[in-house]
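Tertiary structure, described
What follows is the residue order along each chain.
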Amino acid sequence: MKEHFIIALDGHSSTGKSSLAKKIAKTFSILHIDSGALYRGVALYLYKMGQIQLLGEEKLKDVLPKIKLEFVRNGNQSLLYLNDEVAEKEIRSLQISQLVSNVAKDENIRDYLLDIQREFAKGNSVIMDGRDIGTVVFPQADLKIFLTASAEIRAERRHKEMLETGEEVSFQEVLDNVNQRDYADTHREISPLKKADDAIELDNSLLSEEQTFQEVVKLLQQKGLI
Ligand code: DC
């Protein structure tokens, strides 16, 4: 097993990146960093402080150092803390989910989070999931995976999860949202979602969570990382 290694896990929304990353991290006792949670943390801070209008403005640069983002382990989970307060639930709210794609477009925010993401990996083996991990954050990652699945399958999975949590929404609405998010992620000017040339594409449309996990384990073995 290599002493320290970095796995970059990018891909479309609702492909199960986060669950996969959690399982890999737990199995091999490495750190999991959910980079989307950092963008959500910034969105929450700006929203709470009434400063969302600063997006795209130079003035935002003065605000960013006031945003302290940390992951704190709680049993098997890793929770996002924003300025010393747990923010895990709030960052997943509908309101923040709606704001975050605009936050992710801001150049100053992306620069600010770039350093933070790299700092997390210093001296650690890490699996980091996001959109630009293999292309921008860690172009030298030891293994790059690009996870994808058809929009219909992703919408079906998401729809099922939402119905289970009591959210009443039609399949068509969920599918429209998946398509909108794909468009926003891939058409963003800075660091758009795209497969790195040396990333391995894994389409899990027809794979279960366990099968997807096993595919990644195989890749880690092939690379001599585990
Ligand atoms: O994965 P997620 O839905 O929690 O991501 C939240 C938002 O942040 C989403 O709009 C995509 C964006 N994001 C990004 O631009 N770059 C990353 N590395 C991770 C997330």
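See the structure printed just above.
**Some details on the sheet that holds strand β5 (residues 85–86)**
- An order of β3-β4-β5 is seen for the three strands of this open sheet, with the pairing classed as antiparallel. One side of each edge strand has no neighbouring strand; the edge strands of this open sheet are β3 (69–74) and β5.
- Where β3 and strand β4 (residues 77–82) come together, six bridges link them in antiparallel fashion. Note on β4: the bridge partner recorded for Glu-70 is Tyr-81.
- Contacts from helix α2 (residues 35–48) reach β3 and β4 within the one sheet, and its direction differs from that of β4 by about 30°.

**Re the environment of Lys-68**
- Of note, Lys-68 is situated in the loop between α3 (60–63) and β3.
- Take Lys-68: its relative accessible area is 38%, and that puts it in the partly exposed class.
- With 31 residues separating them along the chain, Lys-68 and Ala-37 place their C-alpha atoms 13 Å apart.
- In this view, Lys-68 contacts Tyr-81, Leu-82, Asn-83 and Asp-84; residues no more than four positions away in its chain are not counted.

**Things to note about a negative patch on the surface**
- A surface patch of like charges, here negative, comprises Glu-107, Asp-111, Asp-115 and Glu-189.
- The topology assignment puts Asp-115 in helix α5 (residues 107–121).

**Quick notes on the site of the ligand**
- The local shell around the ligand holds 15 residues, among which Ser-35, Arg-40, Arg-110, Asp-132 and Arg-188 are the closest.
- Within the side chain of Ser-35, a nitrogen or oxygen atom sits 3.0 Å from a nitrogen atom of the ligand.
- Within the side chain of Arg-188, one N or O atom sits 2.7 Å away from an oxygen atom of the ligand.
- Burial of the ligand by the protein chains amounts to 91% of its free accessible area of 450 Å².
- At the level of secondary structure, the elements contributing two or more residues to the shell around the ligand comprise α2, α4 (94–103) and α8 (171–187).
- Top contributing element to the shell around the ligand by residue count: α2, with four residues.
- When grouped by side-chain class, the residues that make up the shell around the ligand number four nonpolar, four polar and seven charged.

**Description of the packing of aromatic side chains**
- Overall, the coordinates contain one aromatic pair when judged by the stated rule.
- The cationic tip of Lys-23 hangs over the ring face of Phe-213; the distance from NZ or CZ to the ring centre is 4.6 Å.

**A short note on unusual backbone geometry**
- Positioned with a positive phi, Ser-14 is a non-glycine residue whose angle comes to about 60°.
- Assignment of secondary structure puts Ser-14 in the loop between β1 (6–11) and α1 (17–28).
- For Ser-14, a relative accessible area of 22% translates into the label partly exposed.
- Despite not being glycine, Asp-84 has its phi angle at roughly 70°, a positive value.

Calculation rules
- Residues numbered from 1 in each chain as written.
- Predicted model: local features only at pLDDT ≥ 70, side-chain atom pairs only at ≥ 80, totals over all residues.
- Heavy atoms only, no water.
- Pairing = 2+ DSSP bridges.
- Helix = DSSP H or I, 4+ residues; strand = E, 2+ residues; numbered from the N terminus.
- Contact = heavy atoms within 4.5 Å.
- Axes fitted to C-alpha atoms, helices over the stretch in contact; angles between N-to-C directions.
- Buried < 20%, exposed > 50% of the residue type's maximum accessible area, 1.4 Å probe, protein only.
- Patch = residues over 30% accessible without salt bridge, like charges linked within 9 Å, V, L, I, M, F, W, Y side chains within 5 Å.
- Areas by Shrake-Rupley, 256 points an atom, 1.4 Å probe, with all protein chains shown as cover.
- Salt bridge = Lys/Arg side-chain N within 4 Å of Asp/Glu carboxyl O.
- Lys, Arg positive; Asp, Glu negative; His and termini not counted.
- Charge placed at Lys NZ, Arg CZ, Asp CG, Glu CD.
- Near = heavy atom within 4 Å.
- Polar contact = N/O pair within 3.5 Å; in protein donor to acceptor, adjacent residues only side chain to side chain.
- Nonpolar A, V, L, I, M, F, W, Y, C, P; charged D, E, K, R; others polar.
- Phe/Tyr/Trp six-rings, centres within 6.5 Å; stacked < 30°, edge-to-face > 60°.
- Lys NZ or Arg CZ within 6 Å of the ring centre and 35° of its normal.

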